[in-house]
Amino acid sequence: MWFSGQWFLPPKECIHEPTKMFYQREVILSLLNENVISKLDDIVCKCAILGLKEFVAYRPTELPESQIFLCENVYQHEEKYLRKLRNLKMPPVSKQILEDELYFFKKTLVPVKIASPFLFTCNIDENDDEEEECNSVNYDDDAETPKNFKVNKVRTVKRPSGYILYAGHMRSKLKEQDPTSNFGELSRQVGKMVITLIA
């Protein structure tokens, strides 16, 4: 037996900017395989693909959460870019559906976005500017940033220059010799001393 229908791709199978964020369990509508006919044996499991409005509002109760996906983008294969999907064709929810077939949330969900799988690949420059791709982190579909995640800022202290050290030392000596001199006069004297040292 054969079947045809819409195809959806995971983010790692679409070319996009590595800085793009995706929802967890997000899939992308592919326009390339719209008219492809496949064998019925190729079906792995039953799943549900919902638009963003439906994904945050309800769940079909017959499927586990791991088999419910969200689609918000469509992939243009010729141009190799993603664009927002205006409207995912969804069958209307009939009044005849039994209450236990759809579970509506009391509050709409706020889905979490995660980094693109391409963000974790890097280019290493080696001899003759050859670039090698490496995976720095394994991509995990269920990964998310912890809510209490904080970045500790490291304060760097700038080391004083030789002139600052010399001027501070000589200014204190000059101040001991002439306590009535103000800061400007002491700085002029230190400047003259530095010039004589350089000459």
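Placed above this text is the structure.
Residues numbered from 1 in each chain as written. Predicted model: local features only at pLDDT ≥ 70, side-chain atom pairs only at ≥ 80, totals over all residues. Heavy atoms only, no water.

### Description of the overall build of the protein
- When you go through the protein residue by residue, the secondary structure sums to three helices and 13 strands.
- Sorting the 199 residues of the protein into buried and exposed places 23% on the buried side.
- Counted over contacts in the protein with a minimum sequence separation of 6, partners at least 24 positions apart contribute 60%. (Helix = DSSP H or I, 4+ residues; strand = E, 2+ residues; numbered from the N terminus. Buried < 20%, exposed > 50% of the residue type's maximum accessible area, 1.4 Å probe, protein only. Contact = heavy atoms within 4.5 Å.)

### A word on the pairing of strand S8 (residues 68-76)
- Among the nine residues that make up S8, eight are buried, leaving the element largely enclosed by the rest of the structure.
- Sheet topology note: the strand S4 (residues 26-30)/S8 ladder contains five bridges and is parallel. Paired with Ile28 across the bridge in S8 is Asn73.
- Examined bridge by bridge, strand S6 (residues 48-50) and S8 share three bridges and lie parallel to one another. Considered in S8, the bridge of Leu50 is made with Leu70.
- Summarising the sheet, S8 and strand S9 (residues 81-84) pair through four bridges and their orientation is antiparallel. Residue pairing in the sheet places Val74 in a bridge with Arg83 of S9.
- Connecting the antiparallel pair S8 and S9 is a turn made up of four residues, with Lys80 showing a positive phi of about 55°. (Pairing = 2+ DSSP bridges.)

Distances and angles like these do not, on their own, reveal function.
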